[in-house]
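# Descriptive structure summary
Each chain, letter by letter, is given below.
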Amino acid sequence: MDLYRSVRAIAGASGGGSDRTIDWAAVATAAKGAADAGDLDLTPADREGYAADVRDARERLRAVGGLTFDVPDSIEVQNRHHWIDANVSTFSRVMHPLESDVRVAFPNATRVINTGSMSFVLAFFASHVLGQYDPLLLADRDGHGRDDAGNGDHGLYFVHPNIVAAAAELDVDYPRFRRWIAFHEVAHAAEFGAAPWLSEYLESRMEDGLETLASGGLDSEAFHDLNVAMTAVEGYAEMLMDRAFDAEYEDLRAKLDARRRGGGPLARLARRLLGLGLKRRQYERGARFFEAIADRRSVAAAAAVWERPQNLPTNAELDNPAEWLARVEP
């Protein structure tokens, strides 16, 4: 780590006369200064292992879920700095409406504070994220991530140093742990692949919420819809990989959950500030909903949620799957 480099990058964020409230180049520099890149010296067995895990996950999830989808063309085994670079681009796109419209009294000081906050967020996540499916939401804002027809791209990332470190820390078999992570992330790819409308739906709700925030208001309906949709996204992926993974994995989940709850006081504070407990509650609640649907009908019946936006469960239906079945089933 190079904390001096991080501090210098954040302090320099006040210059340049930019009308944006975050200096994203400084965010990348500062976050990488605060997070060790990690070893990315992959053996041939590592490379083949990642490829085989993704390939097997795709086939198993297709068969169990009754879904038609493919994995992203961009499958990257990254170190922590690679992950930071990829997510600076994502965060910059998502935050653009808020940055472009908001006006502050002390722009230079605000830019330094915001740049420092985002650097902390990305440095923290870079040291903890194991894998990520990235649908590249709002990718057409700057012309990146879309093809000539305007279709969105997506990416699948594995942060190799974190996977190796977590397997060692948890005292679990590294290839088995890596495979479990692959199944989880490919399950997210399955959802977005089976629901071409999903990215646009999430984008629209996100844009509505951020634009209202930028104008000084709060679109509670947009954020409510976004939370319900993400609960479905997290819950369905959990249910699907639970049915598709080729071995028992409760021990992996229990150890990983204990690791997430542990750490020093700073790590625990960071998790609370970043809302990681909310994400945990999202996928637990969503998983209960989809497990109930799969048990009452079938895994394939649960996939009806991705047929159209109207099939997303309501907040009330998440706690009463029978109501969703009565509404969605012919």
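Please refer to the structure higher up on the page.
Below, the structure is looked at part by part. (Residues numbered from 1 in each chain as written. Predicted model: local features only at pLDDT ≥ 70, side-chain atom pairs only at ≥ 80, totals over all residues. Heavy atoms only, no water.)

### Re the environment of Val186
The condition that has to hold: Note on conventions: DSSP H or I runs of at least 4 residues are helices, E runs of at least 2 residues are strands, and numbering of each starts at the N terminus. Throughout, a contact is declared for two residues whenever any of their heavy atoms are within 4.5 Å.
Secondary-structure assignment places Val186 in helix 7 (residues 174–194). Sequence separation between Val186 and Val54 is 132 residues; the distance between their C-alpha atoms is 6.9 Å. Look past the residues within four positions of Val186 in its chain and what remains in contact with it is Val54, Ala57, Arg58, Leu61, Phe69, Val71 and Leu156.

### Describing the environment of Asn311
Considering the arrangement of structural elements, one finds Asn311 in the loop between helix 13 (299–302) and helix 14 (315–318). Between the C-alpha atom of Asn311 and that of Leu325, which follows or precedes it by 14 residues, the distance is 9.8 Å. Beyond its immediate stretch of four places on either side in the chain, Asn311 contacts Ala304, Val305, Trp324, Arg327 and Val328.

### Structural notes on the pairing of strand 3 (residues 155–159)
Every other side chain in a regular strand lies on the same face of the sheet, so the side chains alternate between the two faces. How we decide: For the exposure calls, accessible area comes from a 1.4 Å probe over protein chains only, and a residue counts as buried if that area is under 20% of its type's maximum, exposed if over 50%, partly exposed in between. DSSP-based pairing: two strands are paired if at least 2 bridges between them are found.
Taken across its five residues, strand 3 has five buried, putting it largely inside the fold. Burial along strand 3 is two-sided: the face carrying Gly155, Tyr157 and Val159 and the face carrying Leu156 and Phe158 are both buried. Sheet topology note: the strand 1 (residues 74–78)/strand 3 ladder contains five bridges and is parallel. Considered in strand 3, the bridge of Glu76 is made with Tyr157. Looking at chain direction, strand 2 (residues 131–134) and strand 3 are connected through four bridges and run antiparallel. In the sheet register, Asp134 faces strand 3, and the bridge partner there is Gly155.

### Digging into the side chain of Asn79
Counted only if it meets this: Distance and chemistry together define a polar contact, namely a pair of N or O atoms within 3.5 Å, with one atom able to donate a hydrogen and the other to accept it when in protein, and with adjacent residues in sequence counting only for side-chain atoms on both sides.
One can find Asn79 in the loop between strand 1 and helix 4 (80–101). Within the structure, Asn79 has its side chain in polar contact with the backbone nitrogen of His81 (distance 3.0 Å). One polar contact links the side chain of Asn79 to the main-chain amide nitrogen of His82, over a distance of 2.8 Å. Among residues more than four places away in sequence, those in contact with Asn79 are Ala37, Gly38, Leu40, Val159 and Pro161.

### Structural notes on the side chain of Arg205
Considering the arrangement of structural elements, one finds Arg205 in helix 8 (residues 198–214). Take Arg205: its relative accessible area is 12%, and that puts it in the buried class. When residues no more than four places from it in sequence are discounted, the contact partners of Arg205 are Glu221, Ala222, Asp225 and Leu226.

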